[in-house]
Every structure is written in structure tokens, then in C-alpha cells.
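Structural overview
Here is how the chains run, residue by residue.
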Amino acid sequence: MSDLDLEVRTEKSVIINNVPFTEQDVNSSIDEVLANLRQTGDIERAVGVSKSLMTLANMSAKAFIRLIGGISDWWADTGQDDDFIDYLVTNGYNRVYTHRRLTIYEQLKNGNLPAKIYSSVSLASVAPIAATLSDGYEISDEQWDKIQLGDDAEIGRILREVKGKPPKVNTIDLVLERDGTINAWRDGKKVFVGYLDLK
């Protein structure tokens, strides 16, 4: 595989291997998919494109983590004077987003965050897991197993347990699972509430 030649033109356009792509190009392609869906009823194509976009977003987010982490390593290895995150912020990066992604990178690099968790859990949950590890908390094998199988809400509850924080008092969390199941959580107990047809 050859090197990826990627250049950012503006916040709404990039050049990949000398081919320009703009936000308008992407939106036009989406409009074509939606028009095709209305004309042909080909839901499989529309869902396939949607899945491809989700995969691309996930790949892009993980590529960003790997790249920004590698740049951070170079920054440290070459003894740059400025704080790396401060440097990025002056170049348009969001401080909190970047810090969270660098924390994920560091926890992967030092082996605290298992690759199987990184590959199976949403990035929305990976960030607080990495922050918990960065703060020095240890996660047991049993907790890792639960994290790997849990959704974002359940992972949040497990991380509260890891930190020794009590469950939120007098709260009931309603969680809509991806399959349409609605569960209520209170004091660490899950109760089935109902089902919502998401079709």
C-alpha cells in the first residue's frame, strides 16, 4: 500500500492522493443516494453507504489518535520548547478533544488500555476509560469483561464503581439500546421497561 497523500485546504475540503474532496462533494453524493432511495426503494444501498460512513468516521477518529500521538512522541523526543497541546490549540485544535485523544493514545501505548477494548467499545466510552486509567485507577479482569460487553451507559456505571463513587442518588436512567429495548437503571440494577420499534 502506498503512502496516503492527505492535504487540508480549508476546514471543509481536503485533497487525498491529489483528488480534491469538499464538504459539498460529500453532501452531493449523499443527496444522490437519497434520491436513488426515493426512486428505487433500494434501502440496502442507502444503509450500505451509511455503514460505510460510520466505518470511515471510526477509522478517521482512530487514525487521528494514532497520528496525533505519534506527532506528540516526536515533539517530546525532539525537545520542543512549547507545550504540545498549547501549540495545537494555537493552530485551531480543540483543547479538550485533543487532550482526550492523546490520553487514549498514551493508555494504548503503555498497555493499560487493552487493544480488544479499544476495538470493541465506542470511542465515546474509550475516552472516559482512558481518563480513568490515566488517573491511576485499576480495572479488574471481571470489570474489563463487563466493559467489553456493555453499552455506553453501563460502561459509565462500571467506571463509577472502579473509582469508588457511589451511584447517583435518586436517579433513574432510561437507556434505549440499539435494538430498541428500553431499560431502567437504578442503584446498579437494570429493569426492562419496554421496547421501541426503531424501524
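Residues numbered from 1 in each chain as written. Predicted model: local features only at pLDDT ≥ 70, side-chain atom pairs only at ≥ 80, totals over all residues. Heavy atoms only, no water.

1. Focus: the packing of aromatic side chains
Rule in force here: We call Phe, Tyr and Trp rings a pair once their centres come within 6.5 Å, taking the six-membered ring for Trp, and we label the pair stacked below 30 degrees between planes, edge-to-face above 60, and tilted otherwise. Secondary structure elements are taken from DSSP: a helix is a run of H or I of four residues or more, a strand is a run of E of two residues or more, and numbering for both begins at the N terminus. The cut-offs for exposure are 20% and 50% of the maximum accessible area for each residue type, with area from a 1.4 Å probe on protein chains only; residues under the lower value are buried, those over the upper are exposed, and the others partly exposed.
Applying the stated criterion across every chain yields a total of five aromatic pairs. Geometrically, the ring pair formed by F64 and Y97 is tilted, given 5.7 Å between the ring centres and 40° between the ring planes. Of this pair, F64 sits in helix α2 (residues 43-77) while Y97 sits in helix α4 (residues 95-109); the two residues are 33 residues apart in sequence, bridging distant segments of the chain. In this structure Y97 comes out as partly exposed when scored by relative accessible area, which is 36%. Where W75 meets Y87, the ring centres are 4.9 Å apart and the plane angle is 35°; that geometry is what we call tilted. Note that W75 is positioned in helix α2 and Y87 in helix α3 (residues 84-90), a separation of twelve residues in sequence.

2. So, the nonpolar core
General note: in soluble globular proteins, nonpolar side chains tend to be found buried as a group. For clarity, the cut-off: In this text, buried Ala, Val, Leu, Ile, Met, Phe, Trp, Tyr and Cys residues form a nonpolar core when linked through side-chain atoms within 4.5 Å. Only heavy atoms matter for contacts: two residues are in contact if any of them lie within 4.5 Å across the pair.
Counting 21 residues, the largest nonpolar core has I104, L113, I129, I139, W144 and I147 as the members making the most contacts within it. Looking at this core, the elements with two or more residues in it are α2, α4, α5 (115-120), α6 (123-134), α7 (141-149) and α8 (152-162). Ranked by residues supplied to this core, first place goes to α6 with six residues. When neighbours within four sequence positions are excluded, I104 is seen to be in contact with I65, L113, Y118, V126, A127 and A130. I68, W75, F84 and L102 belong to the second largest nonpolar core, which has six residues in total.

3. Looking at a nonpolar patch on the surface
Applied cut-off: A patch consists of residues exposed above 30% relative accessible area that lack any salt bridge, with like charges linked at up to 9 Å and nonpolar side chains (Val, Leu, Ile, Met, Phe, Trp, Tyr) linked at up to 5 Å. Reported accessibility uses the Shrake-Rupley method at a 1.4 Å probe radius. Residues are deemed covered only where the shown protein chains occlude them. Every case where a carboxyl oxygen of Asp or Glu lies within 4 Å of a side-chain nitrogen of Lys or Arg is listed as a salt bridge.
On the surface, a cluster of nonpolar side chains totalling about 310 Å² of accessible area is made up of L67, I71 and W74. On the secondary structure map, L67 appears in helix α2. Its relative accessible area of 56% is what places L67 among the exposed residues.

4. Here we look at the packing of α7 against α8
Definition in use: Whenever a helix is involved, its axis is fitted only over the stretch in contact; in every case the axis is a line through C-alpha atoms, and angles between N-to-C directions fall within 0 to 180 degrees. Angles are sorted into four bins: roughly parallel if under 35 degrees, roughly antiparallel if over 145, roughly perpendicular if 65 to 115, and oblique for all others. Helix crossings fall into two classes, left-handed where the near helix is turned counterclockwise from the far one by less than a right angle and right-handed where it is turned clockwise.
It is at 9 Å that the axes of α7 and α8 come closest, and there the two elements cross at 160°. With respect to α8, the axis of α7 lies roughly antiparallel. The handedness of the crossing between α7 and α8 is left-handed. Residue-level contacts link Q143, K146 and I147 of α7 to I155, I158, L159, E161 and V162 of α8.

5. Digging into the pairing of strand β3 (residues 19-22)
We apply this condition: Pairing between two strands requires that DSSP report at least two bridges joining them.
The pairing of strand β2 (residues 13-16) with β3 spans four bridges and is classified as antiparallel. Bridge pairing in β3 links I15 to P20. Between the antiparallel neighbours β2 and β3 lie two residues, among them N17 with a positive phi of about 50°.

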